[in-house]
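Here is how the chains run, residue by residue.
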Amino acid sequence: MYYSKMFIPTLKQSPADAEVISHQLMVRAGMIRQLAAGIYSILPLGLRVLKKVEQIIREEMNRIGGQEMFLPSIQPAELWQESGRWELYGKELLRLKDRHDREFCYGPTHEEVITDIIRGEVKSYRQLPLLLYQIQTKFRDEVRPRFGVMRGREFTMKDAYSFHADEASVQEMYEQMKQAYSNTFRRCGLEFKIVEADSGTIGGGFSHEFMVLADSGEDAVAFCDTCDYASNIEKAPSRTPGPVAPPKKLDALKKIPTPGKKSVEDVTQFLKVSPQQIVKTIVLENENGLVAGLVRGDRQLNTVKLKNLIGCDWLNPAPESLIASKTGVPCGFIGPVELDMKVYADHEVTVMHNFVTGANSPDAHYTGVQFERDLNVAQVGDLHEVREGDPCPKCEGGRYQVKRGIEVGHIFILGTKYSSIMKAHYLDDQGRQNPMIMGCYGIGVGRTAAAAIEQNHDDKGIVWPVPLAPFQVVVIPVKFDEDRQRQASEEAYRVLGDLGIETLLDDRPERLGVKFKDAELLGIPLQIVIGPKHLDAGKIELKSRKTGDSELIDFPAGLQIIPEKLQNL
Ligand code: ATP
Ligand code: MG
């Protein structure tokens, strides 16, 4: 393409709301423009990159037998009512009505639609397994759309669904997917980790996320410094605490006035105890009312772990006003002794003695609390969030490290969750009817491109990995309107085109400095600079965006080495 003919509206300044570098650079490089919060127009340069990501995904899906399809984005409410998600999905689901007042939603995902198709068409185990996928627009009315296309409301996702007659078959597919995803992200030039992910109360732990490590990531990843265990922090198990010998004397329960001392920090200072001697009581709300979670004073409650332990549909921090009205106790003084709600304790709390808790009356705490003697706990489990330095539960001597990650892909064994409720049955070889076993597998296309920028940029702009670059080479004449330079540039452009290289020819009447700045901002991996001095010697300059290294090559013969150069970048 000739630069002057292209629509690449670059900007010197980033938009004020662009917090992360990928968002800033995608806007500045003229790849995207915001239309409304979390809704972006993809401009030509941006689309070239997204199409690259899509093509890599497509090739890897096809390689494991995936068949591409395209499902509607507008979906009837009835299907979602059938699966129960019309209620459960909440406000993220964009609902709309047609002229006949019928309810629809804009698809945030497609389990219902695909299950509906398959139940109508697939009857026998002979037709299974099946792997179907699409690359399509989703809409999720995210609470906090941000970071450009990384967390948009409208975004492109590759979603795949598989259907199986038995557990072994879905397991095999899951492993193939893991491999296909690894290939995809490796080919996109990303450094990533495959981490265990929360799969809720169903799914038996069969869920993995593909995380691109980057400081801007919204997720936290815990991984062992010794073995290869890695997990989303939402799920990362903590090591079961060993038994602790009880102290010689178990103190009696004693109520102490602690006026205005609400936080763990206040109480440690006031009572001269360490946070490890305090038990925090966190009150949450679920579909059945209020529940309390207990963790040691220096720990954070992991609500995902608690939700899974309870097995409830949802679990959120309870508003202070609700807690106060239900218990009559102001926040900060709630404690587990004789608390009128179900209490769940982290396993670390069970080995504590003589500890401090809120006393369930204003401005007071208990000291000398004993787990067995004083508390009535519904269930004990691993409920605290792990942190850097905690021992790895999977190996001896390993310690957790914690880093930020961007979730670019997610694979999931769904089991019979949708097929049972939506009656997607098949007949097995004995003629018996069974629900199909399903898997689902997603990749965020825009998020993958943004993650690539998070990992590959410098202070001048984007440094595209070759496979995602919108153009692989940019030809920059010092002065395009000079005959010899123009002819040489056009020849280079033609030769590169013949070699199958996507080339941008910067034919604009701009100063050389401007052309360099734009080439750097756009992140094109190789620059070819054509100037009078080197042309005199039959040479042109070849420069790497990544390293800034340049070399002189023969013109035109030297152009033949460019495919190889690109391979080795
Ligand atoms: P997240 O926890 O980030 O909200 P999710 O678990 O809701 O992600 P999935 O439903 O598994 O995501 O969707 C599959 C993939 O789609 C994700 O791995 C991610 O790459 C992408 N994705 C999800 N939500 C968004 C979004 N709001 N904007 C862009 N991409 C998204
Ligand atoms: Mg989400």
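Residues numbered from 1 in each chain as written. Chains lettered and ligands numbered in written order. Predicted model: local features only at pLDDT ≥ 70, side-chain atom pairs only at ≥ 80, totals over all residues. Heavy atoms only, no water.

Caption draft 1: Molecular detail of the overall build of the protein. Of the regular secondary structure elements, the protein holds 16 helices and 31 strands. For the protein, the spread of C-alpha atoms along the three principal axes comes to 95 × 65 × 55 Å. Per-residue burial for the protein yields a buried fraction of 52% across its 569 residues. Nonlocal contacts in the protein, meaning residues at least 24 apart in sequence, comprise 68% of its contacts between residues at least 6 apart. Surface summary for the protein: the accessible area is close to 26000 Å², and the carbon and sulfur share equals 49%. (Helix = DSSP H or I, 4+ residues; strand = E, 2+ residues; numbered from the N terminus. Buried < 20%, exposed > 50% of the residue type's maximum accessible area, 1.4 Å probe, protein only. Contact = heavy atoms within 4.5 Å. Areas by Shrake-Rupley, 256 points an atom, 1.4 Å probe, with all protein chains shown as cover.)

Caption draft 2: Seen up close, the sheet that holds strand 5 (residues 94-97). What the three strands build is an open sheet, ordered 4-6-5; its pairing is antiparallel. Looking at strand neighbours, the two that pair on one side only are strand 4 (74-76) and strand 5, the edges of this open sheet. Looking at each pair of strands side by side, their axes are set apart by 40° on average, direction ignored. Where strand 5 lies against strand 6 (residues 103-106), four bridges are found, and the strand directions are antiparallel. Bridging across to strand 6, R95 finds its partner in C105. (Pairing = 2+ DSSP bridges. Axes fitted to C-alpha atoms, helices over the stretch in contact; angles between N-to-C directions.)

Caption draft 3: Quick peek at the side chain of N286. Within the fold, N286 resides in strand 14 (residues 279-286). A polar contact of 2.8 Å, which involves the side chain of N286, links it to the backbone nitrogen of N288. Residues contacting N286, with those up to four places away along its chain left out, are V291, I310, C312, W314 and L315. (Polar contact = N/O pair within 3.5 Å; in protein donor to acceptor, adjacent residues only side chain to side chain.)

Caption draft 4: Representation of the sheet that holds strand 13 (residues 254-257) in the model. Spatially, three strands are ordered 13-19-18 in an open sheet, and the strand pairing comes out antiparallel. A single partner strand is all that each edge strand has here, and the edge strands are strand 13 and strand 18 (355-358). In this sheet, adjacent strand axes meet at a mean angle of 30° when their direction is disregarded. As paired elements, strand 13 and strand 19 (residues 364-369) share four bridges and run antiparallel to each other. Counterpart to P257 in the pairing with strand 19 is A364.

Caption draft 5: Structural detail: the packing of helix 2 (residues 44-63) against helix 6 (residues 167-187). Following both chains from N to C, one finds helix 2 and helix 6 inclined at 155°, their axes separated by 9 Å at the closest point. Classed by the angle they form, the pair helix 2 and helix 6 counts as roughly antiparallel. In this structure, the crossing between helix 2 and helix 6 has a hand that is right-handed. Contacts between helix 2 and helix 6 involve I56, I57, E59, E60, M61 and R63 from the first element and M177, A180, Y181, N183, T184 and R187 from the second. (Parallel < 35°, antiparallel > 145°, perpendicular 65-115°, else oblique. Left-handed = near helix turned anticlockwise from the far one by under 90°.)

Caption draft 6: How the structure looks around the site of ligand 1. The local shell around ligand 1 holds 15 residues, among which R140, E142, R151, G152 and E407 are the closest. Here a nitrogen atom of ligand 1 and a side-chain polar atom of E142 are 2.8 Å apart. In the model, an oxygen atom of ligand 1 is placed 3.0 Å from a nitrogen or oxygen of the H410 side chain. In the complex, the protein chains occlude 82% of the 590 Å² of accessible area that ligand 1 would expose alone. Of all the secondary-structure elements, those providing two or more residues to the shell around ligand 1 are strand 8 (154-164), strand 21 (400-415) and strand 24 (437-444). Considering every element that reaches the shell around ligand 1, the biggest residue donor is strand 21, with four residues. (Near = heavy atom within 4 Å.)

Caption draft 7: Representation of the packing of aromatic side chains. For the structure on display, the rule yields nine aromatic pairs. Ring geometry for F185 and F210: centres 5.7 Å apart, planes at 40°, overall tilted. One end of the pair, F185, is in helix 6; the other, F210, is in strand 10 (residues 207-213), and 25 residues separate them in sequence. Here F185 matches F210 in class, with each residue buried. The ring of Y3 carries R508 above its face, with NZ or CZ at 3.7 Å from the centroid. The ring of F516 has K543 lying over it, and the distance from NZ or CZ to the ring centre is 5.1 Å. (Phe/Tyr/Trp six-rings, centres within 6.5 Å; stacked < 30°, edge-to-face > 60°. Lys NZ or Arg CZ within 6 Å of the ring centre and 35° of its normal.)

Caption draft 8: Up close: the pairing of strand 2 (residues 39-42). Looking at chain direction, strand 1 (residues 32-36) and strand 2 are connected through four bridges and run antiparallel. Its bridge partner being in strand 2, A36 is matched across the sheet by I39. In this structure, the hairpin formed by strand 1 and strand 2 is closed by a connection of two residues, where G38 is found at a positive phi of approximately 75°.

Caption draft 9: Layout of the environment of A292. Checked against the element boundaries, A292 lands in strand 15 (residues 289-296). Under the relative-accessibility criterion, A292 is labelled buried at 0%. Linking A292 and P317, residues 25 residues apart in sequence, is a C-alpha distance of 9.8 Å. Those residues within four positions of A292 in sequence are excluded, and the remaining contacts are T281, I282, V283, L339, M341, K342, V343 and Y344.

Caption draft 10: Quick peek at the state of the cysteines. Counting across every chain of the model gives zero disulfides. Of all cysteine sulfurs in the structure, the one in C440 sits closest to C105, which takes part in no disulfide; the separation is 16 Å. Relative accessible area serves as the criterion here: at 0%, C105 is assigned to the buried category. Not engaged in a disulfide, the cysteine C224 finds its nearest cysteine sulfur in C392; these two sulfurs lie 3.6 Å apart. For C224, a relative accessible area of 6% corresponds to the buried category. (Disulfide = S-S within 2.5 Å.)

Caption draft 11: Geometry of the pattern of salt bridges. Evaluated as defined, the whole model comprises 37 salt bridges. The shortest N-O distance in the salt bridge between D98 and R102 comes to 3.8 Å. The network of salt bridges with common partners includes R296, D298, R299, E348, R387 and D390. (Salt bridge = Lys/Arg side-chain N within 4 Å of Asp/Glu carboxyl O.)

Caption draft 12: Broad picture of the environment of C331. If you trace the backbone, C331 turns up in the loop between helix 9 (320-327) and strand 17 (342-346). Distance from C331 to G242, taken between C-alpha atoms, is 32 Å for residues 89 residues apart in sequence. Residues in contact with C331, not counting those within four places in the same chain, are K262, E320 and I323.

Caption draft 13: Just the environment of S361, in detail. Within the secondary structure, S361 sits in the loop between strand 18 and strand 19. Expressed as a C-alpha distance, the spacing of S361 and G328, which sit 33 residues apart in the sequence, is 8.0 Å. If sequence neighbours within four positions are ignored, S361 has contacts with K255, V329 and F333. A distance of 3.1 Å separates a polar atom in the side chain of S361 from a polar atom in the side chain of K255.

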